[in-house]
Amino acid sequence: MIYCKIIYGFTEDIHSMAHYYKEPSHTFSEYLLVPGYTSPDCIPANVSLKTPLVKYKKGEQPAISLNIPLVSAIMQSVSNDTLALALAREGGMSFIYGSQSIEDEAAMVARVKSYKAGFVVSDSNLTPDNTLADCVALKERNGHSTIAVTDDGTGSGKLLGIVTGRDYRVSRMDPSTKIKEFMTPFKKLVTAPATTSLKEANDIIWEHKLNSLPLVDDNGKLVYLVFRKDYDNHKENPQELLDEHKRFMVGAGINTLDYEKRVPALVEAGADVLCIDSSEGYTCWQKKTLDFIRSKYGDSVKVGAGNVVDRDGFMFLAEAGADFVKVGIGGGSICITREQKGIGRGQATAVIEVAAARDEYYKKTGIYVPICSDGGIVHDYHMTLALAMGADFIMLGRYFARFDESPTNKLNVNGTYVKEYWGEGSNRARNWQRYDLGGKSKLSFEEGVDSYVVYAGPLRDNVEKSLYKVKSTMCNCGVTTIAQLQKDAKITLVSATSIVEGGYHDVILRNTNTKV
């Protein structure tokens, strides 16, 4: 309520007090899960971590679901095409960072989509008149041992033969030898029509004991290659996140400034999902970006928005057409938004309130808009807590930055191996678009730091270990799905003293001789 009074000729507005929350906001570390009944069938092997990525209507299935509830953050130091491939193999999704040129981001997306999975457009091609030296150089450059020989040296030319490592010996042949002299010619190849299904192609590969099968059209032009190795890899990685063409799925970050050019380029490159990358999402600029995408593509392009920390922010983005909503401001390990600007909220409290808003919206509209918890994950058990509190999936930066597949340098600092890790709000990233407030000014102050994280090894080993903990904890809670966890979990707030009690105490550690 606003009152108005006259003081010395001036009009003064007297406002009611700002809104104060009755309870303090909390982090994940301030909560614990209380065990439920564990039945004989409640074992980690029976736990499903499948979860919706994008919105869907009641009674329908989401257009895209994740096989594990993990996505990688939209950060230069985390999400490139290498990490995207590794995470998709495990069943999650990376969001390629948008703080680079439109062309470079689109190229990263395209590399993921064209990677050897299912039907592959050949990117290693030569003509019959190329030489052995050309062949060796191409293999060193692309890393592919299978080279298609076509009339024009392209991946869509008339197929004349195939060269693999079995067709030549560098130590025994003249580098100037023409490819046509040692390639396996077309007449000796086993090929299949371009209309062949992936299952049929794999059957042919097994029947003829092939390493690869070229698919050609009626004019003999190469259309795709199907590789035996991809079939083997899929058997080893049954959780792979694949699209309808058996290609790895990948997301991409966008901003609220150049979206009219960036979005079409990323869609053309094959991005499965987009996400507006912003430190704060309850803005007119995000609605404007969503309006553009909906007017141009309808619902065919999936796009997430955020970040928000309360009911109002969620409702705004859900009604604006977001396919999922990211939750979290200032909770990331390299984020200093709260310190610099004094805005944000404890991550646990934010997830709890936004999850309640999501359920309210679903009850009112029949549309389920998934939420993503972004930030605040320090320990593996925080993942389980985030899911239990209502998050459908979790976005992680520091966690993935530690692995071999992240794009940063691995260094030895004082005898410890580390990897570089910096925030998108740091001067190193210079991602000022992420903090856009409608102007064109550059980054005027930092909201992120430049740091190191302790190197942890391969992504696969670490993700497998972390998710086994999640599954084990879910079994302790008596559930085998994320939906059951969100419905049946019992969560208790803990005191500062009980947090200390939860770690080791009153013992002398053998490796340090230090009493704790």
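Residues numbered from 1 in each chain as written. Predicted model: local features only at pLDDT ≥ 70, side-chain atom pairs only at ≥ 80, totals over all residues. Heavy atoms only, no water.

Peer 1: Hey, could you run me through the packing of helix α6 (residues 259-269) against helix α7 (residues 284-297) in this one?
Peer 2: Angle between the axes and distance between the axes: these two values describe a pair of packed helices. Direction vectors running N to C along α6 and α7 enclose 50 degrees, while the axes themselves pass 11 Å from each other. One element, α6, and the other, α7, form an angle in the oblique class. Viewed along their axes, α6 and α7 form a crossing whose handedness is right-handed. Residue-level inspection shows Y259, E260, V263, P264 and V267 of α6 in contact with α7, the latter providing K288, T289, F292, I293, K296 and Y297. (Axes fitted to C-alpha atoms, helices over the stretch in contact; angles between N-to-C directions. Helix = DSSP H or I, 4+ residues; strand = E, 2+ residues; numbered from the N terminus. Parallel < 35°, antiparallel > 145°, perpendicular 65-115°, else oblique. Left-handed = near helix turned anticlockwise from the far one by under 90°. Contact = heavy atoms within 4.5 Å.)

Peer 1: Looking at this structure, I do not really get the pattern of salt bridges. What am I missing?
Peer 2: Any two side chains of opposite charge can pair if their charged atoms end up close together. If you walk through the whole model with that rule in mind, you get 20 salt bridges. Between K199 and D203 there is a salt bridge, with its nearest N and O atoms 3.3 Å apart. One end of the pair is K199 and the other is D203, both in helix α4 (residues 198-208) and four residues apart, which spans about a single turn. Looking at K199, the relative accessible area reads 60%, which means it is exposed. Under the relative-accessibility criterion, D203 is labelled partly exposed at 40%. D380 is the partner of K469 in a salt bridge, and the nearest nitrogen-oxygen pair spans 3.0 Å. Taken together, the residues span a long stretch of sequence, with K469 in helix α13 (residues 459-476) and D380 in helix α11 (residues 380-388) at a distance of 89 residues. In this structure K469 comes out as partly exposed when scored by relative accessible area, which is 40%. Here the salt bridges do not stand alone but share partners, grouping K113, D243, R247 and D272 into one network. (Salt bridge = Lys/Arg side-chain N within 4 Å of Asp/Glu carboxyl O. Buried < 20%, exposed > 50% of the residue type's maximum accessible area, 1.4 Å probe, protein only.)

Peer 1: Explain the sheet that holds strand β15 (residues 222-227) to me, please; I cannot follow it from the model alone.
Peer 2: As a general point, the strands of a sheet are linked pairwise by backbone hydrogen bonds and lie either parallel or antiparallel. In spatial order, the strands read β13-β14-β15; together these three strands make up an open sheet with mixed pairing. A strand with exactly one partner marks an edge of an open sheet, and here the two such strands are β13 (192-193) and β15. Strand direction decides the pairing type here: β13 and strand β14 (residues 212-216), joined by two bridges, are parallel. In the strand pairing of β14, A192 is matched with L215. Where α4 meets the sheet, its contacts fall on β13, β14 and β15, and the angle it forms with β15 comes to roughly 65 degrees. (Pairing = 2+ DSSP bridges.)

Peer 1: Could you clarify how one ought to interpret the pairing of strand β16 (residues 251-254) in this entry?
Peer 2: Each regular strand shows side chains that alternate between the opposite faces of the sheet. Of the two faces of β16, the one holding G251 and G253 and the one holding A252 and I254 are both buried throughout. As paired elements, strand β8 (residues 93-96) and β16 share two bridges and run parallel to each other. Its bridge partner lying in β16, I96 is registered against A252. Examined bridge by bridge, β16 and strand β17 (residues 273-276) share four bridges and lie parallel to one another. Looking at the pairing, G251 lines up with V273 of β17. Note that the unit made of β16, α6 and β17 has a crossover that is right-handed. (Right-handed = clockwise from strand over helix to strand, strands pointing away.)

Peer 1: Please clarify how the nonpolar core should be interpreted in this entry.
Peer 2: If you look at soluble globular proteins, the nonpolar side chains tend to sit buried side by side. In terms of nonpolar packing, the biggest core is built from 103 residues, with L70, M93, F95, L274, F314 and F400 touching the most fellow members. Ranked by residues supplied to this core, first place goes to helix α10 (residues 347-365) with seven residues. Here F314 is in contact with V308, V325, V354, A357, R358, Y361, V369 and I371, once residues within four sequence places are set aside. In terms of nonpolar packing, the next biggest core, distinct from the first, is built from eleven residues, L126, C135, I147 and F182 among them. (Core = buried A, V, L, I, M, F, W, Y, C linked by side-chain atoms within 4.5 Å.)

Peer 1: Explain the pairing of strand β21 (residues 371-374) here, please?
Peer 2: Alternating residues of β21 divide into I371 and S373 and C372 and D374, and every residue in both groups is buried. Where strand β19 (residues 324-327) meets β21, three bridges bridge the pair, whose relative direction is parallel. Paired with V325 across the strands is I371, a residue of β21. Note: β21 against strand β22 (residues 393-396), three bridges, orientation parallel. Residue D374 lies in a different strand from β22, and its bridge partner there is M395.

Peer 1: Just to check I follow, could you spell out the packing of helix α1 (residues 81-90) against helix α2 (residues 102-113) for this structure?
Peer 2: Running from N to C, α1 and α2 point in directions that differ by 35 degrees, and their axes come no closer than 9 Å. For the crossing formed where α1 meets α2, the hand is right-handed. Residue-level contacts link D81, A84 and L85 of α1 to M108, R111 and V112 of α2. When its residues are assigned to classes, the contact of α1 with α2 shows four nonpolar, no polar and two charged. (Nonpolar A, V, L, I, M, F, W, Y, C, P; charged D, E, K, R; others polar.)

Peer 1: What is the right way to read the environment of D380 from this model?
Peer 2: Given the relative accessible area of 17%, D380 is considered buried. Sequence separation of D380 and L467 is 87 residues, and the distance between their C-alpha atoms is 8.1 Å. Once residues lying within four places of it in the same chain are set aside, the contact partners of D380 are Y399, S466, K469 and V470. Of note is the side chain of D380, whose polar atom sits 3.1 Å from the side chain of S466. A distance of 3.0 Å separates a polar atom in the side chain of D380 from a polar atom in the side chain of K469. (Polar contact = N/O pair within 3.5 Å; in protein donor to acceptor, adjacent residues only side chain to side chain.)

Peer 1: Honestly, the side chain of N67 in this entry has me stumped. Any pointers?
Peer 2: Within the secondary structure layout, N67 lies in the loop between β6 (65-66) and β7 (70-72). A polar contact of 3.3 Å, which involves the side chain of N67, links it to the backbone oxygen of E240. Ignoring sequence-local partners within four residues, the contact set of N67 consists of L49, K50, G91, Q239, E240 and L241.

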